[in-house]
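Single-letter residue listing:
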Amino acid sequence: MGPTGAGKSTFVDRAVGRSDVGVGHDLMSYTKEMRPVRYPHSDGIRNIVLIDSPGFDDTFMTDAQILRQIAHWLNATYKKNIKLSGVLYLHRISDNRVSRTPLRNYNMFKELCGRENFKNVILVTTMWDEITEEVGSAREKELQSDFWWSMINLGSTVHRFEGTMESAWSIINSL
């Protein structure tokens, strides 16, 4: 989950070895509905299912519509006795401000997850190729100390997505 343009579709596509099948590169939001992608885990025993979701602050849907869509999907999945291992929240490290809209979306995400589930949440920073390491590290530190500390204190972890299959799997395997 995360805002539109944070790299959710790219993450899923990189994890399964596809090159931007479901990624939008123009100014309008691309992902319109929940997009499950099944892929064999590297352990050879199980499959994983990665879910691409519409982003908050979407071009065409309100955040309330997106939350309803996510909640409906989660409810239907739960009724099939399928349990989630974890949730990733993606954030563009290239953003030079945390404005009101991303902060509101992050707060909605926290409420959706519930405090008791923060230990199953990974806060993922994306778009590292768009900034210098020095700037990105400073922003990452500020996110951790000023914005994400409440989730981190209750067990959430922070990872960098470097845009590669290896990076995606490192994050997935940390769940």
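Data block above holds the structure.
Residues numbered from 1 in each chain as written. Predicted model: local features only at pLDDT ≥ 70, side-chain atom pairs only at ≥ 80, totals over all residues. Heavy atoms only, no water.

Points about the overall build of the protein
And then number 1: When you go through the protein residue by residue, the secondary structure sums to six helices and five strands.
And then number 2: In the protein, the succession of helices and strands from N to C terminus is α-β-β-α-β-α-β-α-α-β-α.
And then number 3: Computed over the C-alpha atoms, the radius of gyration of the protein is 15 Å, within 12% of the 16 Å expected from 2.2 N^0.38 for a compact globule of 175 residues.
And then number 4: Along the longest, intermediate and shortest principal axes, the C-alpha atoms of the protein span 40 × 35 × 35 Å.
And then number 5: Evaluated residue by residue, the protein yields a buried proportion of 42% over its 175 residues.
And then number 6: Summarising the internal contacts of the protein: among those between residues at least 6 apart in sequence, 65% fall at separations of at least 24.
And then number 7: Carbon and sulfur atoms form 52% of the exposed surface of the protein, whose accessible area is close to 10,000 Å². (Helix = DSSP H or I, 4+ residues; strand = E, 2+ residues; numbered from the N terminus. Rg over C-alpha atoms; globule rule 2.2 N^0.38 Å. Buried < 20%, exposed > 50% of the residue type's maximum accessible area, 1.4 Å probe, protein only. Contact = heavy atoms within 4.5 Å. Areas by Shrake-Rupley, 256 points an atom, 1.4 Å probe, with all protein chains shown as cover.)

Some points on the environment of Trp148
And then number 1: If you trace the backbone, Trp148 turns up in the loop between helix H4 (133-147) and helix H5 (149-153).
And then number 2: Accessibility expressed as a relative area gives 3% for Trp148, which makes it buried.
And then number 3: In sequence terms Trp148 and Tyr106 are 42 residues apart; their C-alpha atoms lie 9.0 Å from each other.
And then number 4: Not counting residues up to four positions away in its chain, the partners in contact with Trp148 are His91, Tyr106, Leu123, Thr125, Leu143 and Val158.

Here's the deal with the nonpolar core
And then number 1: Ranked by size, the top nonpolar core spans 22 residues in total, and within it Met1, Tyr89, Tyr106, Phe109, Val121, Leu123 and Met151 carry the most contacts.
And then number 2: Breaking this core down by element, the ones donating at least two residues are helix H2 (63-79), strand S3 (87-92), helix H3 (100-113) and strand S4 (121-126).
And then number 3: Here the element with the most residues in this core is H2; it accounts for four residues.
And then number 4: Discounting residues that sit within four places of it in the chain, Met1 has contacts with Lys8, Ser53, Ile70, Val87, Leu88, Tyr89, Leu90, Phe109 and Leu112.
And then number 5: With 17 residues, the next largest nonpolar core counts Ile48, Ala168, Trp169 and Ile171 among its residues. (Core = buried A, V, L, I, M, F, W, Y, C linked by side-chain atoms within 4.5 Å.)

Describing the packing of helix H1 (residues 8-15) against helix H6 (residues 165-173)
And then number 1: As a packed pair, H1 and H6 sit with axes 8 Å apart at the nearest point and diverge in direction by 95 degrees. Judged on the interaxial angle alone, H6 and H1 are roughly perpendicular. Contact residues: Phe11, Arg14 and Ala15 in H1; Met165, Ala168, Trp169, Ile171 and Ile172 in H6. (Axes fitted to C-alpha atoms, helices over the stretch in contact; angles between N-to-C directions. Parallel < 35°, antiparallel > 145°, perpendicular 65-115°, else oblique.)

A closer look at H2
And then number 1: Look at H2: 24 Å from first C-alpha to last across 17 residues, which is about the 24 Å you get at 1.5 Å a residue.
And then number 2: Among the residues making up H2, those that are buried are Asp63, Ile66, Leu67, Ile70, Trp73 and Thr77. End-on, the buried residues of H2 take up no more than an arc of 130 degrees, which puts them together on one face. Facing away from the buried side of H2 by over 90 degrees, the exposed positions are Arg68, His72 and Lys79.
And then number 3: The inward-facing, buried residues of H2 abut strand S2 (47-52) and H3.
And then number 4: Phi for Asn81, located one or two positions after H2, is positive at around 65 degrees. (Expected span 1.5 Å × (residues − 1). Arc of directions from axis to C-beta.)

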